[in-house]
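These are the residues of each chain, in order.
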Number of protein chains: 2
Amino acid sequence: MESRCENCIIRQFNSLRAMSKEELKSVSDSKITKSIKKGDALFEEGDKLNGVYCVRNGISKLSKLSANGKDQIVKLATKGEVLGQRSVIAEESTNLSAIAVQDMEVCFIPKESITNTLQKNPNFTLEVLRHMAHDLKEADDVIVNISQKTVKQRIAEAFLYLKNNFGEDEEGFLALTLSREDISNVVGTATESAIRIISEFKKKGLIHTSGKKIGIKNERKLMEMVEGF
Amino acid sequence: MESRCENCIIRQFNSLRAMSKEELKSVSDSKITKSIKKGDALFEEGDKLNGVYCVRNGISKLSKLSANGKDQIVKLATKGEVLGQRSVIAEESTNLSAIAVQDMEVCFIPKESITNTLQKNPNFTLEVLRHMAHDLKEADDVIVNISQKTVKQRIAEAFLYLKNNFGEDEEGFLALTLSREDISNVVGTATESAIRIISEFKKKGLIHTSGKKIGIKNERKLMEMVEGF
DNA sequence: TTCCGAACCTGACAATTGTCATAGAATCCC
DNA sequence: GGGATTCTATGACAATTGTCAGGTTCGGAA
């Protein structure tokens, strides 16, 4: 495993690429590499973060607990994404929990390295800004989807999203396997409703399953369903 | 009306305050002041923006059209807010429409003034970044609310939000009067459902109405309702 | 003023979704 | 390997929400 940030490929995918050699060196010297097991938390809602997490491997769900005790998953973050930025930048405690849905490898970067660079390197700041602008757009899309589409449409969309963003394994199952509960927390519905709709999709030949694993059989029909046919 | 950005009080409320004297001067020289009538659009979903809009007065709804033909209002923007930033920064066409819900006065600032400053003045960039971080957090909250709360709770919350953010007039009505349709588009429900719930609130003595105008009568009960009692 | 259209309101009904209860299947841990 | 626990699944039912179809009221224009 490469342990110098300067040489880390992951950097290509995130805002760290806009850092200068010296800045990267300082980040590299202060970072701490951590292994996170599936189900463990990187941080939890309300925590004050002393730094950000750069994901080298694995996938994390970012979720928020609602008053009625249900989690809403707001985003799934994978290799190359930086978590906790929003909180560090706004100097607020985080509004989301980050929990591993697969074993993960992350680098913890103390916030000083980040805030120093933010104040000195406009390219880096702009790069972070662009990323956040993108996240904001995605959040807007989620709002519209969740309020205007039926649960069925949202589940169909979630499967397509999982395929497009995380791919499939050799047997044609979605590479990212989520529990039924996680799926229902992504689309914002009751677990039983999600299960029922998954069964229905299976009966209609849109998907096939094997245990928790789900594979897409008829992508076109799923897409039509998302559009409302 | 003050026409030099350097002297504009609005600037105190947004990221423009982080600009240097010279930068502000250049913005001021290139800006165009516009009056927008209630119902007219500042820009529409899909437009490529050549600049941003700084709101001097009035209120705009930011909304996105969904496949089924309904608008979802994602945010209400008022005095001091800058619209179109996200799109200019990400160099994408906008994902939202901005339509005046009251007569407005705005300053159009060509994107060059903004992008130049973004590249040169890290304080400004950081300030913009902080604002966007805040918007992103709010968007996350909206996602959780919309997916986990009932329509009734969301409407109660919307009224409290309107009171806290836009205040009340002398007679105790919400200062920002929205049509029933706009209200339903804020909470993401059918217009009829919104109307029905407004009637119910009125019967229960939680609010009082006069034409389109709505006044809050029992704030405590509304708050309890939002919490789920 | 009077008319017209838009906005508001209400009822009846259907569809969607959530809740509760229960049972089987898978998984984990000793 | 076996028992406990968690996850998946399904039925029955209730609650919520949307849709359609009609009204009424309001505000602006002729």
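The structure contained in this document is the topic of the report that follows.

As for the pairing of strand β9 (residues 207–210) of chain B
Residue and element names in this part refer to chain B. Two strands pair when backbone bridges link them, and β9 and strand β10 (residues 213–216) are joined in this way by four bridges, in the antiparallel orientation. Paired with His208 across the two strands is Gly215, which belongs to β10. Counted between consecutive antiparallel strands, the loop separating β9 from β10 contains two residues, among which Gly211 sits at a positive phi close to 65°.

Observations regarding the packing of helix α6 (residues 180–187) of chain A against helix α7 (residues 191–203) of chain A
Pairs of packed helices are described in terms of their axes, by the angle between the two and the distance that separates them. Residues and elements named next belong to chain A. Orientation of α6 relative to α7, taken along the N-to-C sense of each, is 105°, at an axis distance of 8 Å. Overall, the two elements α6 and α7 adopt an arrangement that is roughly perpendicular. From α6, Arg180, Glu181, Ile183 and Ser184 reach across to α7, where they touch Thr191, Ala194, Ile195 and Ile198. Of the residues belonging to the contact of α6 with α7, the class tally is four nonpolar, two polar and two charged.

Quick word on the interface of chain A and chain B
At the junction of the two partners, chain A supplies 39 residues and chain B supplies 39 residues. Buried area between chain A and chain B, summed over both chains or domains, comes out near 3900 Å², and the portion from carbon and sulfur atoms is 69%. Ranking the residues of chain A by area buried against chain B places Leu129(A), Ile143(A) and Gln148(A) at the top, with a combined share of 16%. A salt bridge links Arg130(A) to Glu91(B); the nearest nitrogen and oxygen atoms lie 3.5 Å apart. Mapped onto the side of chain A that touches chain B, the elements with two or more residues apiece are β5 (71–77), α2 (85–90), α3 (111–120) and α4 (122–148) of chain A. No other element matches α4(A), which puts 21 residues into the side of chain A that touches chain B. Among the residues forming the side of chain A that touches chain B, the class breakdown is 17 nonpolar, 11 polar and 11 charged.

Section: the sheet that holds strand β1 (residues 32–36) of chain B
Residues and elements named next belong to chain B. On the basis of which strands lie adjacent, the open sheet formed by four strands has the order β1-β8-β3-β6 and antiparallel pairing. Sheet topology places β1 and β6 (82–83) at the edges, where each strand pairs with a single neighbour. On top of the sheet, helix α3 (residues 111–120) reaches β3 (51–57) and β8 (104–110); it is set at about 60° to β8, its chief contact.

Remarks on the protein's contact with DNA strand D
Lining the immediate surroundings of DNA strand D are 16 residues, of which Arg180(A), Ser199(A), Val151(B), Thr189(B) and Ser193(B) lie closest. Ala190(B) has a polar backbone atom sitting 3.3 Å from a phosphate oxygen of DNA strand D. Taking Arg196(B), its side chain carries an N or O atom lying 3.0 Å from a base oxygen of DNA strand D. Elements represented by at least two residues in the surface near DNA strand D include exactly α6 and α7 of chain A together with α7 (191–203) of chain B. In terms of residues, the surface near DNA strand D owes the most to one element, α7(A), which gives four residues. By residue class, the composition of the surface near DNA strand D is three nonpolar, five polar and eight charged.

Some details on the protein's contact with DNA strand C
For DNA strand C, the set of nearby residues contains 16 residues, the closest of which are Val151(A), Thr189(A), Arg180(B), Arg196(B) and Ser199(B). Within 4 Å of the protein, the atoms of DNA strand C are drawn from sugar and phosphate moieties in a proportion of 56%. The separation between a base nitrogen of DNA strand C and a polar side-chain atom of Arg196(B) is 2.9 Å. Elements supplying a minimum of two residues to the surface near DNA strand C: α7 of chain A together with α6 (180–187) and α7 of chain B.

Conventions adopted
Residues numbered from 1 in each chain as written. Chains lettered and ligands numbered in written order. Predicted model: local features only at pLDDT ≥ 70, side-chain atom pairs only at ≥ 80, totals over all residues. Heavy atoms only, no water. Pairing = 2+ DSSP bridges. Helix = DSSP H or I, 4+ residues; strand = E, 2+ residues; numbered from the N terminus. Axes fitted to C-alpha atoms, helices over the stretch in contact; angles between N-to-C directions. Parallel < 35°, antiparallel > 145°, perpendicular 65-115°, else oblique. Contact = heavy atoms within 4.5 Å. Nonpolar A, V, L, I, M, F, W, Y, C, P; charged D, E, K, R; others polar. Buried area = accessible area lost by both parts, 1.4 Å probe. Salt bridge = Lys/Arg side-chain N within 4 Å of Asp/Glu carboxyl O. Near = heavy atom within 4 Å. Polar contact = N/O pair within 3.5 Å; in protein donor to acceptor, adjacent residues only side chain to side chain.

The quantities given are spatial measurements derived from coordinates; they are silent on function.
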